[in-house]
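Chain residues, written in single-letter form:
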Amino acid sequence: MRKIYSAALCIVLACTTAGAQEVMRLSLADCMDYAMKHNNSVKNAGIDVQIQDAQNKQTLSASRPHINGRGELDYMYIPQKSFMDASTFNPSIPAGTIAPVTFSLPYAGSVGATASQLVFDGAVFIALKARKSVMELARNNEKATTETIRYNVFKAYNSLIIAYRQFEIVKNSLGFARSLERDLEITRKNGFAEKIDVERTSVQVNNLATDSIRIANLLNVSEDVLKYQIGLKMDVQIQLTDTALEQHKADAISLLSEEKSYERIPEYNIAATALKLNEYNLKRYKYSALPTVNVFWAYGTNYGSDKFEHIFDKLYKYELSSAFGLQINLPIYNGGLRTQQLRESQLNIAKSNNNISFIKESIDFQVALSRTTLRNALLQVQSQKRNMELANDVLDLAQKKFKAGVGSNLEITQAQTDQLRAQNGYFSALLDVTNAEADLRKALGLLK
């Protein structure tokens, strides 16, 4: 039993003191703000928004002028020959005599530039119009991620507060039981108490010591969960400042009258934006039947020589060339691909509409369920609070009777057990209220 006492004392000291290490004081709002800056999921969601912005700018670049430079140096160690009637150059040669003739020189160099501008392309036109919706989708995904993290932080923070309260209750009960055990031992030695009374109290002390170890371990786990959710290093000591859980009852009651709004829910906005993008996709395939139009301008110079060095020292001999024009591409038949693309887009639109209807129904269900759960939790916490007050009165009365010599330690032991059960029931009910509040806030889109 002494080993259990020692272990419980070590855990109490570890959990109630931070040693020489600096303690980080955190309110619920502090945890939310810290998570928005350090949680990896939130950081990646922000990066996804930046990636989408870069992709939008890539789409914009397709509508801007493109300029390309070109330089080329060729060495034809076996120049290509052309075949001609040799009598064309020498009448003495019989007509029809075919001879190979080399027209190209071994070395050739050219330098030039080409500029082009897209005038019209249906796919690019629709992509430019869809940029705003695509960015909206990325931001809604970011909001959904941050809301999930806020929801997790809200529950982890309040769960840790409950763990602190439960640990404090067990610690106080353990101190009281040890004090009673010492008093009974003295009374037994004086012949006014029986050994069974001392042993009964020792059993309770042993159980409370074991419970303190269990709750202390749970406390450490709960702290690690909160640190993980906000992106804090595990070796940092923390102290929570928003410990007034009773305030959640007032907040929860006011939350019950909050009106529902689909537009506050990130998942609904994601589905609505996905519908817009599918509609843009349908337009894109419709516009793909239209011709694409480009204008271009090319400018360059070239020269040939039979020696390599002449390619560079006779630049003034390079001959200029330039051209500009209009290019029109008209799709005529692609094997029915466009027809099936249109059909697929229409089906995706129908699917998006179904998703929106499903999400609305899910929101309605979650709001109704969360409100009912919260109402029940509020009723339960009132009942448990009354039980705790009654258990405190019973224990106080049992102590007074014992001191007056008209009561037994068994009454005190039983009253203390009932008090501990009532206190744990009350704080468990408070935790149910905070969890139900978090669920309703998430269902209403109020976890900002």
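Residues numbered from 1 in each chain as written. Predicted model: local features only at pLDDT ≥ 70, side-chain atom pairs only at ≥ 80, totals over all residues. Heavy atoms only, no water.

## Looking at helix H2 (residues 28-38)
Part 1 of the reasoning: Listing the buried residues of H2 in full gives Leu28, Cys31, Met32 and Ala35. For H2, the angular spread of the buried residues around the axis is 100°, confining them to a single face. (Buried < 20%, exposed > 50% of the residue type's maximum accessible area, 1.4 Å probe, protein only. Helix = DSSP H or I, 4+ residues; strand = E, 2+ residues; numbered from the N terminus. Arc of directions from axis to C-beta.)

## Thoughts on the packing of aromatic side chains
Part 1 of the reasoning: Inspection of every chain in the model, using the stated rule, returns seven aromatic pairs.
Part 2 of the reasoning: Both rings, one in Tyr426 and one in Phe427, keep their centres 5.2 Å apart while their planes meet at 65°; by these two values the pair is edge-to-face. In this pair, the class of Tyr426 matches that of Phe427, namely buried.
Part 3 of the reasoning: Taken together, the aromatic side chains of Tyr75, Tyr77 and Tyr107 make up a single cluster linked through ring pairs.
Part 4 of the reasoning: The ring of Tyr285 carries Arg284 above its face, with NZ or CZ at 4.5 Å from the centroid. (Phe/Tyr/Trp six-rings, centres within 6.5 Å; stacked < 30°, edge-to-face > 60°. Lys NZ or Arg CZ within 6 Å of the ring centre and 35° of its normal.)

## Side note on the nonpolar core
Part 1 of the reasoning: By size, the foremost hydrophobic cluster in this structure holds 69 residues, and its most contacted members are Val153, Leu226, Ile230, Leu240 and Leu374.
Part 2 of the reasoning: Among the elements of the structure, H2, helix H5 (131-189), helix H6 (195-230), strand E6 (237-240), helix H7 (247-255), helix H8 (266-287), helix H10 (337-403) and helix H11 (409-444) are those that each provide at least two residues to this core.
Part 3 of the reasoning: Top contributing element to this core by residue count: H5, with 15 residues.
Part 4 of the reasoning: In this structure Leu226 touches Cys31, Val153, Ala156, Tyr157, Leu160, Ile238 and Leu240, once residues within four positions along its chain are discounted.
Part 5 of the reasoning: If you look at the next biggest cluster of nonpolar residues, it comprises five residues, including Leu180, Leu395, Ala398 and Ala415. (Core = buried A, V, L, I, M, F, W, Y, C linked by side-chain atoms within 4.5 Å. Contact = heavy atoms within 4.5 Å.)

## Regarding the environment of Leu342
Part 1 of the reasoning: Mapped onto the elements of the fold, Leu342 is located in helix H10.
Part 2 of the reasoning: Sequence-wise, Leu342 and Arg284 are 58 residues apart; in three dimensions their C-alpha atoms are separated by 9.1 Å.
Part 3 of the reasoning: With residues near it in sequence (within four places) discarded, Leu342 still touches Leu282, Tyr285 and Lys286.

## A closer look at a nonpolar patch on the surface
Part 1 of the reasoning: On the surface, Val119, Val295, Leu326 and Ile328 cluster together into a nonpolar patch covering about 360 Å² of accessible area.
Part 2 of the reasoning: Inspection of the secondary structure assignment puts Ile328 in strand E8 (residues 319-329).
Part 3 of the reasoning: On the accessibility criterion, Ile328 (52% relative accessible area) is exposed. (Patch = residues over 30% accessible without salt bridge, like charges linked within 9 Å, V, L, I, M, F, W, Y side chains within 5 Å. Areas by Shrake-Rupley, 256 points an atom, 1.4 Å probe, with all protein chains shown as cover. Salt bridge = Lys/Arg side-chain N within 4 Å of Asp/Glu carboxyl O.)

## Digging into H11
Part 1 of the reasoning: Here H11 is 36 residues long and its end C-alpha atoms lie 52 Å apart, about the 52 Å a rise of 1.5 Å per residue gives.
Part 2 of the reasoning: Note on H11: the residue one or two positions beyond its end, Gly445, has a positive phi of about 75°. (Expected span 1.5 Å × (residues − 1).)

## Some thoughts on the sheet that holds strand E2 (residues 66-75)
Part 1 of the reasoning: The strand order E2-E5-E7-E8 describes an open sheet built from four strands, whose pairing is antiparallel. A strand with exactly one partner marks an edge of an open sheet, and here the two such strands are E2 and E8. Here the average twist between neighbouring strands, direction ignored, is 15°.
Part 2 of the reasoning: Bridge count between E2 and strand E5 (residues 107-120): ten bridges; the pairing is antiparallel. (Pairing = 2+ DSSP bridges. Axes fitted to C-alpha atoms, helices over the stretch in contact; angles between N-to-C directions.)

## Some thoughts on the packing of H7 against H11
Part 1 of the reasoning: Between H7 and H11, the shortest axis-to-axis distance is 10 Å and the interhelical angle comes to 35°. Seen from above, H7 lies across H11 with left-handed handedness. Here His248, Lys249, Asp251, Ala252 and Leu255 of H7 lie close against H11, whose contacting residues are Tyr426, Leu430, Val433, Thr434, Glu437, Leu440, Arg441 and Leu444.
Part 2 of the reasoning: Of the residues belonging to the contact of H7 with H11, the class tally is seven nonpolar, two polar and four charged. (Left-handed = near helix turned anticlockwise from the far one by under 90°. Nonpolar A, V, L, I, M, F, W, Y, C, P; charged D, E, K, R; others polar.)

## With respect to the pattern of salt bridges
Part 1 of the reasoning: Counting across every chain of the model gives ten salt bridges.
Part 2 of the reasoning: Ionic pairing is found between Asp364 and Lys260, a salt bridge with its closest N-O pair at 2.5 Å. With Asp364 in helix H10 and Lys260 in the loop between H7 and H8, this residue pair connects regions lying 104 residues apart in the sequence.
Part 3 of the reasoning: Here Asp364 falls in the partly exposed class, since its relative accessible area comes to 28%.
Part 4 of the reasoning: A salt bridge links Lys400 to Asp396, with the nearest nitrogen and oxygen atoms 3.2 Å apart. In this pair, Lys400 and Asp396 both sit in helix H10, four residues apart, roughly one turn of the helix.

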